[in-house]
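Take a look at the letters that make up each chain.
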Amino acid sequence: MNITVYSRNRLYETFTKWDVPRDFADPMANYLVYGYEPGGFFTALLANDFFAAIQSSHPSNTVEALKCLVGWINDCMPPEAYSNYNRVSEWCRLPDGHRRAILEKYELIYTEQEEVMLALRSESTVEPVLF
Amino acid sequence: MMSEHQRLMALLKGPDWYAHESGKDLLAVLNQGKRKRYKSMNSTADKHILTIMHLFDNEQSVRILKTWLSTYKLPLDPYRLKTFDQFHEQFGKFITNNTATIESY
């Protein structure tokens, strides 16, 4: 799936709302948009598997960052993309068009029509700053 | 539908001329102060979009629409334009893949 900078910034705006660090935001964005496997830790997290998440967590992950990410997942993530291992693997296998439709439905990205109009209007957009 | 003479004129004068002429035309429709002027602006825009798609190539068509939106600030709504789906189908990929280039038009 190809998204414009407008949609990308819209998605990353949601991360700034929850102060999600960039190390966490990038794999989540790639998982949602492109359906990339998010790795052991994030897969376990998305599948609600606490034990596996802790076992595969990197030592530099902080509880504070984890709280922010969990807040973001609860608030912004489409239910189709998390809650158990089945849903996570299904999300990665979804065709681009389906993934795009779900992300548009939850207003995480703009529709293709909106993207075209934004690009033609040359609307200014600022890349959100994540830490 | 354009006459052959009008078509030839538009081709000779080029996309920039057409962009400004049609932009002014749409602005005039919008500023006429009548009720339903947005509706008539959208239907006029539909006619112009069909002409653009018929006469000009991808880049020129996109440049014309960009002139309407950025120079004349026309409040075009993609969901109210009947031809927008056709326009999107033809140029959508080109626009979304070249946002940086389009900004420089």
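Everything below is about the structure shown above.
Residues numbered from 1 in each chain as written. Chains lettered and ligands numbered in written order. Predicted model: local features only at pLDDT ≥ 70, side-chain atom pairs only at ≥ 80, totals over all residues. Heavy atoms only, no water.

### A few points about the overall build of chain A
Argument step 1. Looking only at helices and strands, chain A has eight helices and zero strands in total.
Argument step 2. Secondary structure elements of chain A occur, N-terminal to C-terminal, as α-α-α-α-α-α-α-α.
Argument step 3. Taken against the 2.2 N^0.38 rule, which gives 14 Å for 131 residues, the C-alpha radius of gyration of chain A at 15 Å falls within 12% of a compact globule.
Argument step 4. With the principal axes as the frame, chain A shows a C-alpha extent of 50 × 30 × 20 Å.
Argument step 5. Taking all 131 residues of chain A together, the buried fraction comes to 46%.
Argument step 6. In chain A, 70% of the contacts between residues at least 6 apart in sequence involve partners at least 24 apart.
Argument step 7. Positive and negative charge centroids in chain A, built from 11 and 18 side chains respectively, lie 2 Å apart. (Helix = DSSP H or I, 4+ residues; strand = E, 2+ residues; numbered from the N terminus. Rg over C-alpha atoms; globule rule 2.2 N^0.38 Å. Buried < 20%, exposed > 50% of the residue type's maximum accessible area, 1.4 Å probe, protein only. Contact = heavy atoms within 4.5 Å. Lys, Arg positive; Asp, Glu negative; His and termini not counted. Charge placed at Lys NZ, Arg CZ, Asp CG, Glu CD.)

### Thoughts on the packing of helix α1 (residues 5-17) of chain A against helix α2 (residues 22-34) of chain A
Residues and elements named next belong to chain A.
Argument step 1. Running from amino to carboxyl end, α1 crosses α2 at an angle of 135 degrees, the nearest separation of the two axes being 11 Å. Taken together, the axes of α1 and α2 lie oblique to each other. Seen along the crossing, α1 lies across α2 with a hand that is right-handed. Of the residues in α2, those in contact with R8, L11, Y12 and F15 of α1 are R22, A25, D26, M28, A29, L32 and V33.
Argument step 2. A class-by-class count of the residues in the contact of α1 with α2 yields eight nonpolar, no polar and three charged. (Axes fitted to C-alpha atoms, helices over the stretch in contact; angles between N-to-C directions. Parallel < 35°, antiparallel > 145°, perpendicular 65-115°, else oblique. Left-handed = near helix turned anticlockwise from the far one by under 90°. Nonpolar A, V, L, I, M, F, W, Y, C, P; charged D, E, K, R; others polar.)

### Details of the interface of chain A and chain B
Argument step 1. Across the boundary between the two partners, chain A contributes 14 residues, which contact 22 residues of chain B.
Argument step 2. Carbon and sulfur atoms supply 65% of the area buried between chain A and chain B, which totals about 1500 Å² over both sides.
Argument step 3. Inspection of the region where chain A meets chain B yields one salt bridge.
Argument step 4. The salt bridge partner of K93(B) is E112(A), with a shortest N-O separation of 3.5 Å. (Buried area = accessible area lost by both parts, 1.4 Å probe. Salt bridge = Lys/Arg side-chain N within 4 Å of Asp/Glu carboxyl O.)

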